[in-house]
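# Structure at a glance
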Amino acid sequence: MGIRLGYLPAAGGAIAYLGFKCIAPFGIFGGDLMRNACTAMAAMLTISGCAMTLPVRGQSGDGSETFTGSATGQIDGAGTLSIVSNKGRTCKGDFVYTTNREGSGTFTCSDGKSGPFSFVSTGTRGTGSGTLGGKPFTFSFG
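## Description of the nonpolar core
- Judged by nonpolar contacts, the single largest core of 16 residues is most densely connected at Val56, Leu81, Phe107, Phe117, Phe137 and Phe139.
- Within the residue set of this core, elements represented by two or more residues are strand S4 (51-60), strand S5 (66-74), strand S6 (78-85), strand S7 (90-97), strand S8 (102-109), strand S9 (114-121) and strand S11 (135-141).
- Here the element with the most residues in this core is S11; it accounts for 3 residues.
- Not counting chain neighbours up to four residues away, the residues in contact with Phe107 comprise Leu81, Ile83, Cys91, Lys92, Gly93, Lys113, Ser114, Gly115, Phe117, Leu132 and Phe137.

## Some thoughts on the state of the cysteines
- Under the definition given, this model contains 1 disulfide.
- In this model, Cys91 is linked to Cys109 through a disulfide, with the two sulfur atoms separated by 2.0 Å. Of note, the bridge from Cys91 to Cys109 carries an S-S torsion of about 105 degrees and is right-handed in sense. Of this pair, Cys91 sits in strand S7 while Cys109 is found in strand S8, placing the two residues 18 residues apart along the sequence. With respect to class, Cys91 is no different from Cys109; both count as buried.

## Points about the pattern of salt bridges
- Tallying each qualifying case throughout the model produces 2 salt bridges.
- Here Glu65 makes a salt bridge to Arg89, at a shortest N to O gap of 2.5 Å. Pair noted here: Glu65 is in the loop between S4 and S5 and Arg89 is in the loop between S6 and S7, with a separation of 24 residues, a long-range link.
- In this structure Glu65 comes out as buried when scored by relative accessible area, which is 11%.

What counts and how
- Residues numbered from 1 in each chain as written.
- Predicted model: local features only at pLDDT ≥ 70, side-chain atom pairs only at ≥ 80, totals over all residues.
- Heavy atoms only, no water.
- Core = buried A, V, L, I, M, F, W, Y, C linked by side-chain atoms within 4.5 Å.
- Buried < 20%, exposed > 50% of the residue type's maximum accessible area, 1.4 Å probe, protein only.
- Helix = DSSP H or I, 4+ residues; strand = E, 2+ residues; numbered from the N terminus.
- Contact = heavy atoms within 4.5 Å.
- Disulfide = S-S within 2.5 Å.
- Salt bridge = Lys/Arg side-chain N within 4 Å of Asp/Glu carboxyl O.

Here you go:
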């Protein structure tokens, strides 16, 4: 799904933005008026950015540490993951989608430990795993 923005006479005078179409019978509403309204709506969506933030929950491999946080994915396939553990440790990571459904990244934590993680996503939920300081952890989001 790519960004498409502009007047599309072949689509019945529609303005399309990220697959959403703003279509009206121009004979009733007036072509210029509807086109301007749709262009303004698409511009507002562009300015506000397109991101999705989802809740994250997880635990260490031995279950001794649990964490909650959030994952925010951008339309370009990049994103951030932020968590806080029940022991007070905070970790932040950046990720990128490597395929349409899979992604990977690296965490860095407040105690100096870091490590890689990977995940599989349906778009609105998913699961992942990784290591922090050589110890395994698992998580889910959405």
